[in-house]
There are 2 protein chains.
Amino acid sequence: MSIGESVKRVDAYEKVTGRAKYTDDLCPKNALIAKVLHSTIANGWVKQMDCSEALKVPGVIKIVTCFDVPNYPFPTAGHPWSTDPKHQDVADRLLLNQRVRYYGDDIAAVIAVDEVAASRALEKIQVTYEILPPILHTDAPLTTDTVPLHEAYPDNILAHSDFEIGNYEESCTEEGLIWFEDHFDTQMVQHCHIEPATSFAYEENHRVIVVSSTQIPHIMRRIISQALGLPFGEIRVIKPYIGGGFGNKQDVLYEPLNAFLCTQAGGKCVKLELSREETFHCTRTRHAISFKLKTGVRPDGQIVTRYMEACSNQGAYTSHGHAIVSNAITGFRHIYQQEKAVKADAYTVFTNLPCGGAMRGYGIPQMTFACESHMQDIALKLGLDPIAFRLKNVLQLGYKDPFLGITCHSYGLQECIAKGRTYIDWDKKCKTYANQTGPIRRGVGMAIFSYKTGVYPISLETASARLILNQDGSVQLQMGATEIGQGADTVFSQMAAETIGLTLDHVHIISQQDTDITPFDTGAYASRQTYVSGMAVKETATLFKEKLLDYASYFLKLPAANLDLIENTIVHQATKEVLITLEALALEAFYNLDYCQHITAEKTVQCKNNTISFGACFAEIEVDLPLAKIKVLDIINVHDSGILINPQLATAQVHGGMSMGLGYGLSEHMLFDAKGKPLNPNLLDYKLPTSMDTPDLATDFVETIDPSGPYGNKSLGEPPAIPVAPALRNALLQATSIAINQLPLNPHILFEKFQAAGLV
Amino acid sequence: MSIGESVKRVDAYEKVTGRAKYTDDLCPKNALIAKVLHSTIANGWVKQMDCSEALKVPGVIKIVTCFDVPNYPFPTAGHPWSTDPKHQDVADRLLLNQRVRYYGDDIAAVIAVDEVAASRALEKIQVTYEILPPILHTDAPLTTDTVPLHEAYPDNILAHSDFEIGNYEESCTEEGLIWFEDHFDTQMVQHCHIEPATSFAYEENHRVIVVSSTQIPHIMRRIISQALGLPFGEIRVIKPYIGGGFGNKQDVLYEPLNAFLCTQAGGKCVKLELSREETFHCTRTRHAISFKLKTGVRPDGQIVTRYMEACSNQGAYTSHGHAIVSNAITGFRHIYQQEKAVKADAYTVFTNLPCGGAMRGYGIPQMTFACESHMQDIALKLGLDPIAFRLKNVLQLGYKDPFLGITCHSYGLQECIAKGRTYIDWDKKCKTYANQTGPIRRGVGMAIFSYKTGVYPISLETASARLILNQDGSVQLQMGATEIGQGADTVFSQMAAETIGLTLDHVHIISQQDTDITPFDTGAYASRQTYVSGMAVKETATLFKEKLLDYASYFLKLPAANLDLIENTIVHQATKEVLITLEALALEAFYNLDYCQHITAEKTVQCKNNTISFGACFAEIEVDLPLAKIKVLDIINVHDSGILINPQLATAQVHGGMSMGLGYGLSEHMLFDAKGKPLNPNLLDYKLPTSMDTPDLATDFVETIDPSGPYGNKSLGEPPAIPVAPALRNALLQATSIAINQLPLNPHILFEKFQAAGLV
């Protein structure tokens, strides 16, 4: 049995020895180097570009400007394609842009024999701009002079969506309701994956091959095809190991430009690798979303009616666009319930800032910060126990979303809360820290969350897998789903071993995706892979096992129904008598002169289900008021993600998410000057927490068995990042009685708030 | 319709632009370099090796000697594996050898950071040998002092096999038979592919990956597994484009050593590329085979009884060993028939020379030189027309081999002869050149041949293919069979297009084989691929089309039986009304929210059939007696290879084979001194014909329809190289009346013979 075991990662040795091959490792020796010229204004037009001096730089092969690119607008979001034009992503990009929409927009590219030549040439390109005043805030007033970022959106609003369950207006008329209204702001942050966006492209047999660090090779194939105006079949995308993605690489970033530049260099191999600085402001960010919350509660703590308005700062281009804030308001109804009505409005607004895209949690960390801060405030103001108040109103097993049909098939939230509460010694510490004075104070805080699994029914959910028998009875597992550091290769291998009846050393996973040969899968996002792609492993493995037993039936002259496969051995189904090793059978299957078969199996599953994961974070902090600094003393995330395929990997996944949550809660913030120029696009100034900033991270799990998951499992990838920031904010509230409704809780903001409250 | 069209090679653009990626192009930038130390004696032992000075060379990583390698004997021949130990190839190799068996044997290897360091280190290794006298000829007398090359073969005879049809002894007693007895010698030649043997190897996830220029990636996986003592599944072999193989790369050459050296360098990437000199004498050669022929004929030209004794000089190691000369005597009974009996003996003898292996024609060029020279001599001596004599005795349609069951399913030989005869103006020129004098003389000559298709029933014949739908309605065709320059990728693409109902631009072939993911196929040899692997394409394409029509049936709500696929479009089967393009259907298959499927198909075929191809060569030459030089004035090969999938590629195949035949007939010869040291292991001294030496090559075809071939086709890859040498020899005979029974017909040999005959 392999499911549920903390087996070592299948790629552990490669990765700790530094031998694992990432995109740049695979780039041919003689690749040309491309570098992008970015705009130095945030809003306006490129009127003219003079490349004459740049072209004189020795080693420059070609310069392509925004005046040279084809007019094929394309989208970039890593969403499955839709044959319904209304559900297709907004195609608002060109490969290079005359209309500049943010500081750093792509306006030209140099191809040269090496990086030095390319960089020198970039410096010598003369650009003449027409400059417009930058629009940096979603509430920037429109004037008659305002030029919209995109012609199709004259008021700069990309989209507005809303929902209403019950009659909100009527629900507000209930007598005796106590009303709570608040405003919350979240900041723009960046994913900060170790490996910057990197790709290289070359032509082969009149097709364009792109090797890229991406979460979504099959989607990338489609988007490059759109951007270059070529059929899907003439694009091939290869995905090696990648050094992190966190949603940034669920977008197609510079790969279409890279592919185009290759075609402009006669099909030679061209590499385009972003610097860290470019990765910061020229890829994607987590959307800064502002929330207004209004909740009507009875004095006993029963929520009667709720409203949320969410406004998302999209930045310059659509990318995942409105899907993020739309997911946030959907998540708003997937955690607490109310007696009468809930209503929400979501807006996504273009500004002259870097483009918001997908990032671990997809709008839910923002929403949860607002919602869980709000819930804490209500409880305290009503004099209720904050946990009891939550438990009274929280979603229950069997909940079914009235719009999407998403159903809560398994439910371990209450136990998650109980475990966290015990771990942090909640009840005692709440009392201990009740009335503190002095410059150093402590507090405990908590937050809960829910998260769905995959994207059904909002989008297509499909996955395919292939299994290939080797002559020694081991198998190759070929997935369309991608390993992006999360351990997918390992858990898929465990699933295949379990279902076929192999020991894990008999499963070799093919980590690299290649759209020419890899079974189709949309990729790593939405915490979908163990759930959706895991189902593809299970069904393909079942089919593969049937084929093995069919061949064994031929060879052993026994009905297949009398056979089983256990631990690499064909046994009698009833007696478990060993009949033949799989190794011996495999040799026959390959080389039998009477009847040979190369046994493989391939299958697509279409997932038409979804389920909800839960969890809670409990944190204990110490606040130094004069230094305006929070120290995390202890913190735990407790997750209900159904059955864990590999508990140790699940723990590592939670550690990573908590670390991301700590940075989100305490320090990370992309800053811009009044002209929209980024102020801290580097790891020195941005304040990503290092290992020295990170406390010990405690984790625990409540293993429910989700009946809709292939192995009882449900989402785990994104959830860990969600509840940390509000738990810290609520701990700060307990410690200081200061409710801070914005992120991050960094010294700059804390000092301001402490000063205003007279604490310092 | 694509079959039978001379479409452009699918890899033409890549190859003529120099952009196609071969093994070395794919080698990582930072690969270590390995070089092999070869013995400088032909027979004996390495007693001692001192690497201390070599290890001091800066940049040397490791030196592995013949005292360090594991004791896993392995074979090297590119034969399918057999689960029957008796049919397995002789495992007589180690990775490096203390027992030195030829000048150039592998005794140590250096791994260094670059080629210079590796080469310098090689020079500094001190070797102490115990020297034995070299055995260079198959008839070298054994003495009590003789140490056999391999302990298992004390008399140095690897194998002897024979057959007898009818009662040979009795047949010899017929009264009035005229007897002809002759001896023929063929020489050792080398394949001289453009790309030398090249590979690189690295470890990944505890597996060894070998990228190699090979014809047989799946077989190579098995042999490396044997040589390293690792399970099949822990070896992965990748085959990029290759610059020629001709059978030399149907052997596993230095890949096992390369794989081992990688494991000795901590799994780092190690490249092992042979020089041209090493390729000459350290890879494989065409066996020098000597023949004795004895034929009993009635005065009317009816052959009554025949005998052949063939003795093959194996060189130092087994490789394909006895299979070659065994094939030669089998071919002996597959071309002419006799009234009463035929008998043959074949011997394979080890000598201290480079190792004979597979080379285009696999023993048949040697046998055909002997047989067709002999037939010519008989006809002339009997005063018969040589063509009429051949036609009287030649194999006929429906012939079935009594041992192997190989059957002649289609037969165009007579028409081939007729076409060649007309082309060369045979009858007229025979008369014109009948009685010449003077120093410059002309002559015409001809020879015929037959050749089987694939290796059934001698060995396993199996092939698999996979087809993968792209979103634009194009497909990827993934073959286990290999493109080795012969055009396999193109003809497989044509087959898939034909059978599915696509235009050729809708088929993208995956040229690279990767044993982890590629459907199983034994590889490119025995002229088997269009016949055996072509059947896999046909059956897989049929299955794939069924799946497409099934999906169309779902989408169009029409029975699949009412649908057909013609030119990338789903049409009504009866009316041919266009219903939907495959592109639109493919998008639905990928993205339909109700029912999506990634449509692929994969299938193995096992071929239990064989058939015989035929052909004839007619040549006109001019002989300069004082210069002892032959000039080819005109030459044609006419082939019956069944239906031609791509006539232009077939023509190119014939051109290549004829060019090889010209070199074999006129100039190529590997020479050794008395100690077994090679004298001409380079392209300057070896005398491979260049384009300047090559006359215009005429070709023609007789397109029979072979009922056993997937598209009416049968073998074509090897046959063109077979009949050229005897046709030239017979033309020389006509021009000069000098019968030369050895090859090559180079000035050195001609001068000797002309002088002996008093012509010069």
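The structure we're discussing is the one just above.
In this report, the structure presented in the accompanying data block is examined. Along each chain, residue indices are assigned from 1 in the same order as the chain's sequence is written. Note on labels: chains are lettered from A, ligands numbered from 1, in written order. Local features in this predicted model are restricted to residues of pLDDT 70 or higher, and side-chain atom pairs are both shown and tallied only at a pLDDT of 80 or more, whereas totals for entire chains, interfaces and linings draw on every residue. To get the side-chain values, take all heavy atoms of the structure and skip hydrogens and water.

## What about the overall build of chain A?
Turning to step 1, where the next piece is worked out: When helices and strands are tallied, chain A shows 20 helices and 27 strands.
Turning to step 2, where the next piece is worked out: Taken over C-alpha atoms, the radius of gyration is set against a globule rule of 2.2 Å times the number of residues to the power 0.38. Computed over its C-alpha atoms, the radius of gyration of chain A comes to 27 Å, within 12% of the 27 Å expected for a compact globule of 760 residues.
Turning to step 3, where the next piece is worked out: Dimensions along the principal axes, computed over C-alpha positions, put chain A at roughly 90 × 75 × 50 Å.
Turning to step 4, where the next piece is worked out: Burial classification: accessible surface area is computed with a 1.4 Å probe over protein chains only, and a residue below 20% of its type maximum counts as buried, one above 50% as exposed, and the rest as partly exposed. The buried share of chain A, taken over its 760 residues, is 65%.
Turning to step 5, where the next piece is worked out: Here the analysis covers contacts within chain A between residues at least 6 apart in sequence; of these, 80% occur between residues at least 24 apart.
Turning to step 6, where the next piece is worked out: When the accessible area of chain A is evaluated, it comes to approximately 25,800 Å², of which 53% is carbon and sulfur surface.
Turning to step 7, where the next piece is worked out: Asp and Glu count as negative and Lys and Arg as positive, but His and the ends of the chain are not part of the count. Every charge is mapped to an atom, namely NZ of Lys, CZ of Arg, CG of Asp or CD of Glu. In chain A, 64 positive and 84 negative side-chain charges are present, and the distance between their average locations comes to 2 Å. Working definition: helices are DSSP H or I runs of at least four residues, strands are E runs of at least two. Numbering for both runs from the N terminus. Here, two residues are considered to be in contact whenever any of their heavy atoms come within 4.5 Å of each other. Under the convention used here, a 1.4 Å probe and the Shrake-Rupley method define accessible areas, while residue burial counts only the protein chains that appear.

## Some details on the side chain of Arg276 of chain A
Residues and elements named next belong to chain A.
Turning to step 1, where the next piece is worked out: Within the element layout of this structure, Arg276 appears in helix α8 (residues 276–282).
Turning to step 2, where the next piece is worked out: Take a side-chain nitrogen of Lys or Arg and a carboxyl oxygen of Asp or Glu: if they are within 4 Å of each other, that pair is a salt bridge. Salt bridges are absent for the buried Arg276, whose nearest opposite-charge side chain, Glu277, sits at 7.0 Å.
Turning to step 3, where the next piece is worked out: Filtering out sequence-adjacent residues up to four positions away, Arg276 remains in contact with Cys192, His193, Ile194, Pro681 and Leu683.

## Brief notes about the side chain of Arg390 of chain B
Turning to step 1, where the next piece is worked out: In this fold, Arg390 of chain B is placed in helix α11 (residues 386–393).
Turning to step 2, where the next piece is worked out: Residue contacts for Arg390 of chain B: discarding those within four places in its chain leaves Tyr336, Glu372, Met375, Gln376, Met446, Ile448 and Asn730 of chain B.

## Quick notes on the sheet that holds strand β27 (residues 698–701) of chain A
All names here are of chain A.
Turning to step 1, where the next piece is worked out: We call two strands paired when DSSP finds no fewer than two bridges between them. In spatial order, the strands read β16-β25-β26-β27; together these four strands make up an open sheet with mixed pairing. Among the strands making up the open sheet, the edge pair consists of β16 (440–452) and β27. Strand-to-strand, the axes of this sheet are offset by a mean angle of 15°, without reference to chain direction. A fitted line through C-alpha atoms represents every axis, and for helices the fit uses only the stretch in contact; the resulting angles, taken between N-to-C directions, go from 0 to 180 degrees.

## Overview of the sheet that holds strand β2 (residues 44–50) of chain B
Residue and element names in this part refer to chain B.
Turning to step 1, where the next piece is worked out: Strand order in the open sheet made by the three strands is β4-β2-β6, with antiparallel pairing throughout. Two strands bound the open sheet, and with one partner strand each, they are β4 (99–100) and β6 (126–131).
Turning to step 2, where the next piece is worked out: When β2 meets β4, the two strands line up antiparallel, connected through two bridges. Residue pairing across strands places Gly44 opposite Val100, the latter belonging to β4.

## Overview of the packing of aromatic side chains
Turning to step 1, where the next piece is worked out: The criterion for an aromatic pair is that two Phe, Tyr or Trp rings (for Trp, the six-membered ring) have centres within 6.5 Å, with stacked assigned to planes under 30 degrees apart, edge-to-face to planes over 60 apart and tilted to the rest. Enumeration according to the criterion identifies 32 aromatic pairs over all chains in this entry.
Turning to step 2, where the next piece is worked out: Between Tyr168 of chain A and Tyr307 of chain A, the aromatic rings sit 5.7 Å apart at their centres with planes inclined by 40°, giving tilted as the arrangement. Taken together, the residues Tyr168 of chain A in helix α5 (residues 168–171) and Tyr307 of chain A in strand β14 (residues 303–315) connect sequence positions 139 residues apart.
Turning to step 3, where the next piece is worked out: A residue is classified by how much of its surface remains accessible, and Tyr307 of chain A, at 15% relative accessible area, is buried.
Turning to step 4, where the next piece is worked out: Grouped by ring-pair contacts, the aromatic residues Phe520 of chain A together with Phe590 and Tyr591 of chain B constitute a single cluster.
Turning to step 5, where the next piece is worked out: Cation placement over rings: the criterion is NZ of Lys or CZ of Arg within 6 Å of the ring centroid and within 35° of the ring normal. In this structure, Arg99 of chain B is placed above the aromatic ring of Trp45 of chain B, and the distance from its NZ or CZ to the ring centre is 5.1 Å.

## Some words on the relation of the copies chain B and chain A
Turning to step 1, where the next piece is worked out: For this overlay, a least-squares fit was computed on C-alpha atoms, restricted to residues scoring pLDDT of at least 70 in both copies. Superposing chain B onto chain A requires a rotation of 180° together with a translation of 0.0 Å along the rotation axis, leaving an RMSD of 0.0 Å. Taken together, the rotation angle and the small translation identify this as a two-fold axis. Distance from the rotation axis, computed per C-alpha, reaches its smallest value in chain B at Lys29 of chain B: 2.7 Å.

## A few points about the pattern of salt bridges
Turning to step 1, where the next piece is worked out: One pass over the full model with this rule turns up 74 salt bridges over all chains.
Turning to step 2, where the next piece is worked out: For the salt bridge of Glu14 of chain A with Arg19 of chain A, the shortest nitrogen-to-oxygen distance reads 3.6 Å. Pair check on accessibility: Glu14 of chain A and Arg19 of chain A agree, each one buried.
Turning to step 3, where the next piece is worked out: Here Lys608 of chain B ties to Asp594 of chain A by a salt bridge, and the two come within 3.6 Å at their closest N and O atoms. Highlighted residues: Lys608 of chain B in the loop between β24 (600–606) and β25 (612–624) and Asp594 of chain A in the loop between α16 (582–591) and β24 (600–606), drawn from two different chains.
Turning to step 4, where the next piece is worked out: Taking the relative accessible area as the measure of exposure, Asp594 of chain A reaches 46% and is therefore partly exposed.
Turning to step 5, where the next piece is worked out: Salt bridges sharing partners connect three or more residues here, namely Glu204, Arg207, Arg221, Arg236, Asp514 and Asp516 of chain A.

## Thoughts on unusual backbone geometry
Turning to step 1, where the next piece is worked out: In the segment running from Leu743 of chain A into Pro744 of chain A, the intervening peptide bond is cis, with an omega of -5°.
Turning to step 2, where the next piece is worked out: Note the cis peptide between Tyr456 of chain B and Pro457 of chain B, where omega equals 0°.
Turning to step 3, where the next piece is worked out: Relative to the elements of secondary structure, Pro457 of chain B occurs in the loop between β16 (440–452) and β17 (462–469).
Turning to step 4, where the next piece is worked out: Here Cys192 of chain B, not a glycine, exhibits a phi torsion of approximately 55°, which is positive.
Turning to step 5, where the next piece is worked out: Here Cys192 of chain B lies in the loop between β8 (178–185) and β9 (198–204).

## Points about the interface of chain B and chain A
How large an interface is tends to be reported as the accessible area lost when its parts come together.
Turning to step 1, where the next piece is worked out: The interface of chain B with chain A comprises 63 residues on the first partner and 63 residues on the second.
Turning to step 2, where the next piece is worked out: We define buried area as the total accessible area lost by two parts upon association, computed with a 1.4 Å probe and summed across both. Each partner contributes to the roughly 5,400 Å² buried at the junction of chain B and chain A, and carbon and sulfur atoms together form 50% of this total.
Turning to step 3, where the next piece is worked out: Ranking the residues of chain B by area buried against chain A places Lys29, Asn205 and Tyr591 of chain B at the top, with a combined share of 12%.
Turning to step 4, where the next piece is worked out: Our count for the contact surface shared by chain B and chain A stands at six salt bridges.
Turning to step 5, where the next piece is worked out: For the purposes of these results, a polar contact is taken to be a pair of N or O atoms within 3.5 Å, where, inside protein, one atom must be able to donate a hydrogen and its partner to accept one; residues adjacent in sequence count only when each atom of the pair is a side-chain atom. Viewed at the interface, chain A and chain B are joined by 40 residue pairs in polar contact (both at pLDDT 80 or more).
Turning to step 6, where the next piece is worked out: Any residue that is not Ala, Val, Leu, Ile, Met, Phe, Trp, Tyr, Cys, Pro, Asp, Glu, Lys or Arg is counted as polar, Gly included; the first ten are nonpolar and the last four charged. When the residues that make up the side of chain B that touches chain A are grouped by side-chain class, the tally is 21 nonpolar, 22 polar and 20 charged.

## So, helix α20 (residues 747–756) of chain A
Residues and elements named next belong to chain A.
Turning to step 1, where the next piece is worked out: Inspection of α20 places Ile749, Leu750 and Phe754 among the buried residues, and these make up the whole buried set. Along the axis of α20, the buried positions cluster into a sector of 125°, meaning they face one direction only. Seen from the open side of α20, the exposed residues pointing more than 90 degrees away from its buried face are His748 and Ala756.
Turning to step 2, where the next piece is worked out: On its buried face, α20 is in contact with β25 (612–624), β26 (629–640) and α19 (724–736).
Turning to step 3, where the next piece is worked out: Positive phi appears at Gly758, one or two residues downstream of α20, with a value of about 75°. Arc, as used here, means the arc of the directions from the helix axis to the C-beta atoms.

## Digging into the environment of Lys677 of chain A
Residues and elements named next belong to chain A.
Turning to step 1, where the next piece is worked out: Looking at where Lys677 falls in the secondary structure, it is placed in the loop between α17 (647–666) and α18 (683–686).
Turning to step 2, where the next piece is worked out: We classify Lys677 as partly exposed; its relative accessible area is 38%.
Turning to step 3, where the next piece is worked out: In the structure, Lys677 is positioned 543 residues away from Pro134 in sequence and 9.9 Å away in space, judged by C-alpha atoms.
Turning to step 4, where the next piece is worked out: Discounting residues that sit within four places of it in the chain, Lys677 has contacts with Tyr103, Leu671 and Phe672.

## Section: the packing of helix α10 (residues 364–382) of chain A against helix α11 (residues 386–393) of chain A
All names here are of chain A.
Turning to step 1, where the next piece is worked out: Closest axis-to-axis distance for the α10/α11 pair is 9 Å, and the angle between their directions is 115°. Comparing the axis directions of α10 and α11 gives the class roughly perpendicular. The interaxial crossing formed by α10 with α11 has right-handed handedness. Of α11, the residues touching α10 (which contributes Glu372, Met375, Gln376, Ile378, Ala379 and Leu380) are Pro386, Phe389 and Arg390.
Turning to step 2, where the next piece is worked out: Here the residues of the contact of α10 with α11 sort into six nonpolar, one polar and two charged. Throughout this description, any angle smaller than 35 degrees is read as roughly parallel, any larger than 145 degrees as roughly antiparallel, any in the 65 to 115 degree range as roughly perpendicular, and the remainder as oblique. Crossing chirality is assigned from the near helix's rotation relative to the far helix, an anticlockwise turn below a right angle marking it left-handed and a clockwise turn marking it right-handed.

## Some thoughts on the packing of helix α9 (residues 322–333) of chain A against α10 of chain A
All names here are of chain A.
Turning to step 1, where the next piece is worked out: Axis separation between α9 and α10 bottoms out at 8 Å; the angle between their running directions is 45°. For the element pair α9 / α10, the angle class is oblique. Read as a crossing pair, α9 and α10 show a hand that is right-handed. For the pair α9 and α10, the contacting residues are Asn327, Ala328, Gly331 and Phe332 in the first and Ile364, Met367 and Cys371 in the second.
Turning to step 2, where the next piece is worked out: Each residue belonging to the contact of α9 with α10 can be placed in one class, and the counts come to five nonpolar, two polar and no charged.

## Details of the pairing of β25 of chain B
Residues and elements named next belong to chain B.
Turning to step 1, where the next piece is worked out: Judged by how many residues are buried, β25 sits mostly within the fold: twelve of 13 residues are covered.
Turning to step 2, where the next piece is worked out: By the bridge criterion, 13 bridges tie β16 to β25 in an arrangement that is antiparallel. Each residue of the ladder has a partner; that of Arg441, found in β25, is Val623.
Turning to step 3, where the next piece is worked out: Here β25 pairs with strand β26 (residues 629–640) via eleven bridges, running antiparallel. Bridge pairing in β26 links Glu622 to Lys631.
Turning to step 4, where the next piece is worked out: Between β25 and β26, which follow one another and run antiparallel, lie four residues, and Ala628 among them has a positive phi close to 55°.

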